[in-house]
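# Breakdown of the fold
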Amino acid sequence: MSSPKVLFGFHAVGVRLKTAPQSIIEIYYEATRRDARMRQFLDRAREAGARLIEADSVRIAKLAGSHGHQGVAARVEPVAQVTSLDELLENLEAAGIEQPLLLVLDGVTDPHNLGACLRVADGAGAHAVIAPKDHAVGINATVAKVASGAAETMPYFMVTNLARTLGELKERNIWCIGTSDDAPKTIYQVDLKGPVALVLGAEGDGMRQLTRKTCDELVSIPMKGAVESLNVSVASGVCLYEALRQRS
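Residues numbered from 1 in each chain as written. Predicted model: local features only at pLDDT ≥ 70, side-chain atom pairs only at ≥ 80, totals over all residues. Heavy atoms only, no water.

The line we're drawing: UniProt positions are given in the numbering used here, feature names are shortened, and annotations may be inferred rather than shown by experiment.
The protein chain is annotated in an unreviewed UniProt entry as 23S rRNA (guanosine-2'-O-)-methyltransferase RlmB from Acidovorax delafieldii 2AN. What the UniProt record of the protein chain gives under Function (unreviewed entry) is the line "Specifically methylates the ribose of guanosine 2251 in 23S rRNA."

### Remarks on the domain arrangement of the protein chain
Which entries qualify depends on this criterion: Boundaries between domains were set according to an automatic or database domain assignment. Any two residues whose heavy atoms approach within 4.5 Å are treated as being in contact. For any pair of parts, buried area is found by adding up, for both, the accessible area (1.4 Å probe) each one loses once the two are put together.
The domain boundaries assigned to the protein chain delineate domain 1 (5-76) and domain 2 (85-247). Taking only C-alpha atoms, the centre of domain 1 and the centre of domain 2 are 31 Å apart. Contacts between domain 1 and domain 2 engage 12 residues on the former and 9 residues on the latter. Summed over both sides, the interface between domain 1 and domain 2 buries roughly 810 Å², with carbon and sulfur atoms accounting for 64% of that surface. Counting the surface domain 1 buries against domain 2, the share from its top three residues, F8, H11 and V15, is 46%.

### Regarding the sheet that holds strand β7 (residues 156-159)
Here is the rule: Criterion used throughout: strands pair if DSSP finds at least two bridges between them. Secondary structure elements are taken from DSSP: a helix is a run of H or I of four residues or more, a strand is a run of E of two residues or more, and numbering for both begins at the N terminus.
Reading across the sheet, the 7 strands line up as β7-β6-β5-β10-β8-β11-β9 and stay open at both edges, with parallel pairing between neighbours. Every other strand in the sheet has two partners, leaving β7 and β9 (185-186) as the edge strands with one partner each. Where strand β5 (residues 101-106) lies against strand β10 (residues 196-201), 6 bridges are found, and the strand directions are parallel. Residue pairing in the sheet places V104 in a bridge with V199 of β10.

### Notes on helix α8 (residues 162-171)
Owing to its 3.6 residues per turn, the α-helix brings residues three or four apart onto one side. Convention followed: Relative accessibility thresholds used throughout: buried, under 20% of the residue-type maximum; exposed, over 50%; partly exposed, between the two (1.4 Å probe, protein chains only). The arc under discussion is defined with respect to the helix axis, by the directions toward the C-beta atoms. Here a polar contact means two N or O atoms within 3.5 Å. Within protein one must be a hydrogen donor candidate and the other an acceptor candidate, and residues neighboring in sequence count only if both atoms are side-chain atoms.
Of the residues making up α8, those classed as buried are L162, A163, T165, L166 and L169. For α8, the angular spread of the buried residues around the axis is 160°, confining them to a single face. For α8, the exposed residues lying more than 90 degrees away from the buried face are R164 and E171. Where α8 begins, one side-chain oxygen reaches toward the backbone nitrogen of A163, 3.2 Å away; that side chain belongs to N161. Once α8 finishes, N173 follows within two positions and takes phi at roughly 65°, a positive value.

### Points about the packing of helix α5 (residues 111-124) against helix α10 (residues 232-247)
Spelled out, the test is: Interaxial angles span 0 to 180 degrees and are taken between N-to-C directions of axes, which are lines fitted to C-alpha atoms, for helices over the stretch in contact. Geometric relationships in this document are graded by angle, where less than 35 degrees denotes roughly parallel, more than 145 denotes roughly antiparallel, 65 to 115 denotes roughly perpendicular, and other angles denote oblique. We call Asp, Glu, Lys and Arg charged. Ala, Val, Leu, Ile, Met, Phe, Trp, Tyr, Cys and Pro are nonpolar, and the rest, Gly among them, are polar.
Direction vectors running N to C along α5 and α10 enclose 10°, while the axes themselves pass 9 Å from each other. Here α5 is positioned roughly parallel relative to α10, judged by the angle of their axes. Where α5 approaches α10, its residues N113, A116, C117, V120, A121, G123 and A124 are matched on the opposing element by V232, S233, S236, G237, L240, Y241 and L244. Per-class residue counts for the contact of α5 with α10 are 9 nonpolar, 5 polar and no charged.

### Brief notes about the UniProt feature "binding site: S-adenosyl-L-methionine" (unreviewed entry) in the protein chain
In the numbering adopted here, UniProt assigns the feature "binding site: S-adenosyl-L-methionine" (unreviewed entry) to G201, I221 and L230. Considering the C-alpha atoms alone, the annotated residues occupy 30 residues of sequence yet fold into one spot, their largest mutual distance being 13.0 Å. Mapped onto the fold, L230 is located in the loop between β11 (217-220) and α10. In this structure L230 comes out as partly exposed when scored by relative accessible area, which is 29%. The residues contacting L230, other than those within four sequence positions of it, are E203, I221, M223, A235 and V238.

### What about the environment of A74?
Structurally, the position occupied by A74 is in strand β4 (residues 72-76). Residue A74 is classed as buried on the basis of its relative accessible area of 0%. Taking the C-alpha atoms as reference points, A74 and E26, 48 residues apart in sequence, are found 5.7 Å from one another. Apart from the residues lying within four places of it in its own chain, the contact partners of A74 are K5, V6, L7, V13, E26 and I27.

### Considering the nonpolar core
Under the convention used in this document: What we call a nonpolar core is a set of buried Ala, Val, Leu, Ile, Met, Phe, Trp, Tyr and Cys residues that are connected through their side-chain atoms within 4.5 Å.
I27, F41, L105, L118, L198 and L240 are the most contacted members of the largest nonpolar core, which has 52 residues in total. With 6 residues, the single largest contributor to this core is α5. When residues of this core are assigned to domains, at least three fall in each of domain 1 (5-76) and domain 2 (85-247). L198 has contacts with L101, L102, L103, V104, I177, I187, L192, C239 and L240, leaving out every residue within four places of it along the chain.

Structure (structure tokens):
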């Protein structure tokens, strides 16, 4: 079994309480915080049978590795998740889901950006987020905090060779649509109702050249003001919610 990990913040710990309370070893909470949000959280934790430990802010910050813990941190056992992209796609097929929606991130190394991308992917109903093992950030406590629980619910696969993975998606008839400032079509001019993988690069550098070449199609996000590009998590939200709008 993998070693325990730490979640912190109301959202991240709250989602674990809701989805897998039995995996929580113990919850540390700031005893001096007595506001309504903390009281409601502690009531939920007690109802779930979680072990509660009073602690001061310094101890919680040390456990979480961050001062943004909101007075709550939990030691938890890892929850069993789908272990591979192939397994996920086969499960979707078996469940009769014929139009998977995937988010592919090429070169996103900032944990805050990844956390926000996971959150928006969860909100838009995406089935998974995919990233390369190199030049990308993995799931850590900061990612989990920013994701507000989505790091627990959104499958995140780090693959050895992103271009090869895109090729495998194409073999499964999943249309790979990349985003690029210089693309002739906008995201609003393409059909996103079928099986789709939306591919976004890190802000500034964008997608790597091989990733770009492997995409079936490139689209842009209209920019009407002075700035040239959007933060990758905002761009992910624009693209994913346009797919959701078309599918609704």
